[in-house]
Amino acid sequence: MSIKRLHKCRSSERSIKRTTNTYYDMTPNPIVDVWQRNQHWLDLPTITSSDEIYAGLMSIEDTTMNHVRVRVTTSGGQSQVDWGDGTVQTYNSNDTAEHTYDYNDSNLDGTNKPVTFGSDTVTLTNHGYSNNDRISFYESSVSTIERLVYYYVVNAQSNTFQLALSEGGSPITIASGTGVILPYKQAVITITPVGDAIITSVRTDLKHSLSLYRYVSNFRDIAFSLPNATDIDHGNNGDEAQPLLIEKMNAVHLGSPNNFTDVFRSMHSLRSLTFGLYTGSGVSNNLMFYENYSIQHIPDLPWTVTGDQYLYFGNCYSLREIPNYDSHGQISRLHNCFSGCSNIKRVNVEAHKNLQSTMDIQAVHNQNHSLQAVPGYNTTPTDLYNSFGFTQASTLPYFNTSGVTRFQQAFRYMRSLCHIPAYDTSSNTTFYRTFENSGLKGNLPYFDFNSVTRTDQCFRYAYALKNIRYDINMPNVTRIDHMFNNCDTLQKAKIITSSALSISAYQAYMHTRSMKSIDVFDVSAITGDNARSLFYGMKRLKTLPNFNFAAATDLDNLAFECASLERVEITNNSLPLVQDLYRSFRNCFSLKSVAFDNIPEVLTFNETFYNCYSLKTMRITVPKATRIDYAFYNSMSMEKLEFNAPLATEASLAISGNAYGGRSRIHDIKGDFSSAVNNEQVFLNSFALRKLRATFTNNIYLQRLYMTGEGLNEFYTYLPTVSGKTINISNNRGRLYDDPTIATAKGWTVTG
């Protein structure tokens, strides 16, 4: 760890000793937004707060789908809609105002900004460009001017300019021709009241009657002043015209609506937003700015925020800071309020000092990847689900969490997290993924696990966590799968469970590479394959105590790669239903003793003790096993083995060694392999083999071994009577001194 990071963690440790809520207010980096209104857009009318007008710039594309629909509610009269293409219509209150633009309408000519090329020059009256500005062309009839490629303006005059390939470069050659700059034509819609009428509501999110499906609205710039409005809606709430192209919104006068839910929702392209007057008493506005992907700055809100702030700024990916706003204690919910605002570095906490005494702050800062400090909200939270995941905070403020029922995913992926207060978790029911991939280090503060039913993935990938110095008592927990998975530096973590643990313990301690010991906990109710890989990769574990797997049927990879494991104390009675021990103790290089010797139901026993270099003697009966291939492969210290697997059909390399230095030392084998059919390499490289008292009923291969004639004769004597089966003893040292008639008298053919 760097000195700078260590100092940061120590400072954080001091800060969490405070017992009151802390308000963090960080000095933000300057917000630089280079967006500018397109200089070729038509101007909207100049609007003041005393006006009553709604205006919007529409892009008209070369299709037949240039639809728009608005609904205007008035009091005391009608409204007038000027569609901007020479059509002006009057509507009664709540009438459906629909219009379809014609791209070839002569009233729209020139609005896509046509240009003339010639004599190495571009001609466009009052173009507004300056030297070194970038420009591209949507259409061009000149071969040297490519579509949608940026050029640099040079030698700009009032109505002409030249083009260069680099900033300040030499002008390029341009032949005579024509082109256009914009990929669309334009019209400005203007809505005004007629006579003494007043406008109380405007909706532009409605789908045109000619469209069967929702579509993207062509609005790109909107400005309005509606002093008498009680409802304004531009946002996307599902099946209507979606405002995905709006880049600028100027709300000069918002009127007095009390509900702004969805009003600016899903304006994916919005870059500029300004607010003027608001004359209402307060606004409920969940989902208000949801999915405004492009906006970097939202101005201070001119209304009192009330009620539910669910996804208020959710998924505003480019937003750099939260605006100020007043709540007067009327905010009831911050659920997902800032979720997905991945560029927020600062939270203006003044807006959150006046919250209701208890509230839901679930996922409030989830995936705020740039947030450096979590504000201490002046409330008692009821739910912390996903609240601070993925933030960059190194510590957390204290909250009164006595009523929180979910800490699920609360602090996951907080990779800068050094320390955490000892929150009250007495009411918590789930620690699912709570500290997953967090930077939490040192000792875990005391947390109450008594009411918890789930701890799966709780500390998964918490690489720096070292010790849990207290017993984690979880009498109600039902699943602990992945609980400490990949906690590389964890040295102590004792859990106490009951028969309630019935769903899963899969990979619970996988890759806890620093733990040297583990205490027995209740796994008796774990069924099926839900205890697989439980101790996988515990490289420093020396003893595996007698866990009672009374209901488990599959324990494959149980202690795979426990390189320091010396003793397995699990007894026969603890494995009554187990059918699968595939690779359960593979690569347990130090294993010397195993307590169990009879597993009545096991079917799969392949690779079980693969590479168990230190295992010297073994007695094991697996009466129902069908696969024993590689079961004791490379058990290089093995000297004596009694192995009964009468139903095993696949026995390839079951008791063999590696030809490259891993040759088996086994000299005495006794067992029943009466069903084995793939026997060619069962004893491959078992050069120390002297005594083989094993039952086979299919072809047997004992070639290239060092068995004596006496040993071969003993093997022949042990064989049952068969018909038409072969024993291959080629290149076996004892083949010159054996008595093959012992075997041939029982129906065997001896070759080699």
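**Digging into the overall build of the chain**
Right, so step 1: Each helix and strand in the chain was counted, giving 3 helices and 38 strands.
Right, so step 2: The C-alpha atoms of the chain give 39 Å as radius of gyration, which overshoots the globular expectation for 752 residues (27 Å, by more than 25%).
Right, so step 3: Its C-alpha atoms give the chain principal-axis dimensions of about 120 × 70 × 55 Å.
Right, so step 4: Counting only residues that meet the buried cut, the chain has 55% of its 752 residues in that class.
Right, so step 5: When the accessible surface of the chain is summed, it comes to about 29700 Å², and 43% of that surface belongs to carbon and sulfur atoms.

**Here we look at the pairing of strand E12 (residues 177-180)**
Right, so step 1: Sheet topology note: the strand E6 (residues 114-118)/E12 ladder contains 4 bridges and is antiparallel. Bridge pairing links Val115 to Gly179 in E12.
Right, so step 2: Judged from the 2 bridges that link them, strand E9 (residues 139-140) and E12 form a sheet pairing that is antiparallel. Pairing of Glu139 across the sheet is with Val180, part of E12.

**Things to note about the sheet that holds strand E19 (residues 248-253)**
Right, so step 1: An order of E4-E3-E13-E1-E16-E19-E20 is seen for the 7 strands of this open sheet, with the pairing classed as mixed. The sheet terminates laterally at strand E4 (88-91) and strand E20 (272-277), the two strands that pair on one side only. Strand-to-strand, the axes of this sheet are offset by a mean angle of 10°, without reference to chain direction.
Right, so step 2: In this structure, strand E16 (residues 219-225) lies alongside E19, joined through 5 bridges in parallel fashion. Of the residues in E19, the one forming a bridge with Asp221 is Lys248.

**A word on the side chain of Thr497**
Right, so step 1: Along the polypeptide, Thr497 turns up in the loop between strand E28 (492-496) and strand E29 (543-544).
Right, so step 2: Separated by 2.8 Å, the side chain of Thr497 and the backbone oxygen of Asp522 make a polar contact.
Right, so step 3: Once residues within four sequence positions are removed from consideration, Thr497 is found in contact with Met474, Val477, Phe521 and Asp522.

**Brief notes about the pattern of salt bridges**
Right, so step 1: All told, the structure shown has 24 salt bridges when counted by the stated rule.
Right, so step 2: In this structure, Lys185 and Asp109 form a salt bridge, with 3.7 Å as the shortest nitrogen-oxygen distance. Residue Lys185 is located in strand E13 (residues 185-193), and its partner Asp109 is located in the loop between strand E5 (96-100) and E6; the two are separated by 76 residues in the primary sequence.
Right, so step 3: On the basis of relative accessible area, Lys185 is assigned to the buried category, the value being 8%.
Right, so step 4: Notably, a salt bridge pairs Asp529 with Arg532, separated by 3.6 Å at the nearest N-O pair.
Right, so step 5: Looking at Arg532, the relative accessible area reads 21%, which means it is partly exposed.

**Here's the deal with the packing of aromatic side chains**
Right, so step 1: As enumerated under the stated definition, the model contains 54 aromatic pairs in all.
Right, so step 2: Note on Tyr278 and Trp303: the rings are 6.0 Å apart at their centroids and 70° apart in plane angle, and the pair reads as edge-to-face. One end of the pair, Tyr278, is in the loop between E20 and strand E21 (283-284); the other, Trp303, is in the loop between E21 and strand E22 (305-308), and 25 residues separate them in sequence. Exposure class is identical for Tyr278 and Trp303. Each is buried.
Right, so step 3: Where Phe411 meets Tyr423, the ring centres are 6.0 Å apart and the plane angle is 15°; that geometry is what we call stacked. Here the residue Phe411 occupies a position in the loop between strand E25 (380-383) and strand E26 (442-443), and Tyr423 occupies one in the loop between E25 and E26, the gap between them amounting to 12 residues.

**Here we look at the sheet that holds strand E17 (residues 231-233)**
Right, so step 1: Taken in spatial order, the 4 strands of this open sheet run E5-E2-E14-E17, and their pairing is mixed. What marks the edges here is a single partner per strand, and that holds for E5 and E17. On average, each strand axis in the sheet is tilted by 30° relative to the strand beside it, whichever way the strands run.

**Some words on the nonpolar core**
Right, so step 1: Counting residues in each nonpolar core, the largest one holds 176 residues, and the members touching the most others are Phe313, Phe459, Phe549, Phe605 and Phe643.
Right, so step 2: For this core, the element with the most residues is strand E27 (residues 465-473), which contributes 4 residues.
Right, so step 3: Among all residues touching Phe313, those that are not within four sequence positions of it are Phe289, Ile298, Leu319, Ile322, Pro323, Tyr325, Cys337, Phe338, Ser339 and Cys341.
Right, so step 4: Of all hydrophobic cores here, the second largest spans 27 residues; its members include Val115, Leu124, Ile135 and Ile174.

**Quick notes on the state of the cysteines**
Right, so step 1: Inspection of the entire model under this criterion finds 0 disulfides.
Right, so step 2: In this model Cys458 remains outside any disulfide bridge; the closest cysteine sulfur is found in Cys487, 8.8 Å from its own.
Right, so step 3: No disulfide involves Cys612; its nearest neighbouring cysteine sulfur is the one of Cys588, lying 5.3 Å away.
Right, so step 4: Cys612 gets classed as buried once you look at its relative accessible area, which sits at 0%.

**A look at the side chain of His511**
Right, so step 1: Looking at the secondary structure, you find His511 in the loop between E28 and E29.
Right, so step 2: You can call His511 buried: its relative accessible area is 13%.
Right, so step 3: Among all residues touching His511, those that are not within four sequence positions of it are Asn486, Cys487, Asp488, Tyr536 and Gly537.

**Remarks on helix H2 (residues 709-718)**
Right, so step 1: For H2, the complete set of buried residues consists of Gly709, Gly711, Leu712, Asn713, Phe715 and Tyr716.
Right, so step 2: Of the surrounding secondary structure, the elements contacted by the buried residues of H2 are strand E35 (691-695), strand E36 (700-701), strand E37 (725-728), helix H3 (741-744) and strand E38 (748-751).

**A short note on the environment of Asn131**
Right, so step 1: As for its position among the elements, Asn131 is in the loop between strand E7 (121-123) and strand E8 (134-135).
Right, so step 2: For Asn131, a relative accessible area of 43% translates into the label partly exposed.
Right, so step 3: Through-space distance from the C-alpha of Asn131 to that of Arg220 is 27 Å; in sequence the pair is 89 residues apart.
Right, so step 4: Among the polar contacts made by the side chain of Asn131, one reaches the main-chain amide nitrogen of Asn155 at a distance of 3.0 Å.

Each value, and the rule that gives it
Residues numbered from 1 in each chain as written. Predicted model: local features only at pLDDT ≥ 70, side-chain atom pairs only at ≥ 80, totals over all residues. Heavy atoms only, no water. Helix = DSSP H or I, 4+ residues; strand = E, 2+ residues; numbered from the N terminus. Rg over C-alpha atoms; globule rule 2.2 N^0.38 Å. Buried < 20%, exposed > 50% of the residue type's maximum accessible area, 1.4 Å probe, protein only. Areas by Shrake-Rupley, 256 points an atom, 1.4 Å probe, with all protein chains shown as cover. Pairing = 2+ DSSP bridges. Axes fitted to C-alpha atoms, helices over the stretch in contact; angles between N-to-C directions. Polar contact = N/O pair within 3.5 Å; in protein donor to acceptor, adjacent residues only side chain to side chain. Contact = heavy atoms within 4.5 Å. Salt bridge = Lys/Arg side-chain N within 4 Å of Asp/Glu carboxyl O. Phe/Tyr/Trp six-rings, centres within 6.5 Å; stacked < 30°, edge-to-face > 60°. Core = buried A, V, L, I, M, F, W, Y, C linked by side-chain atoms within 4.5 Å. Disulfide = S-S within 2.5 Å.

This is a description of form; function is not addressed.
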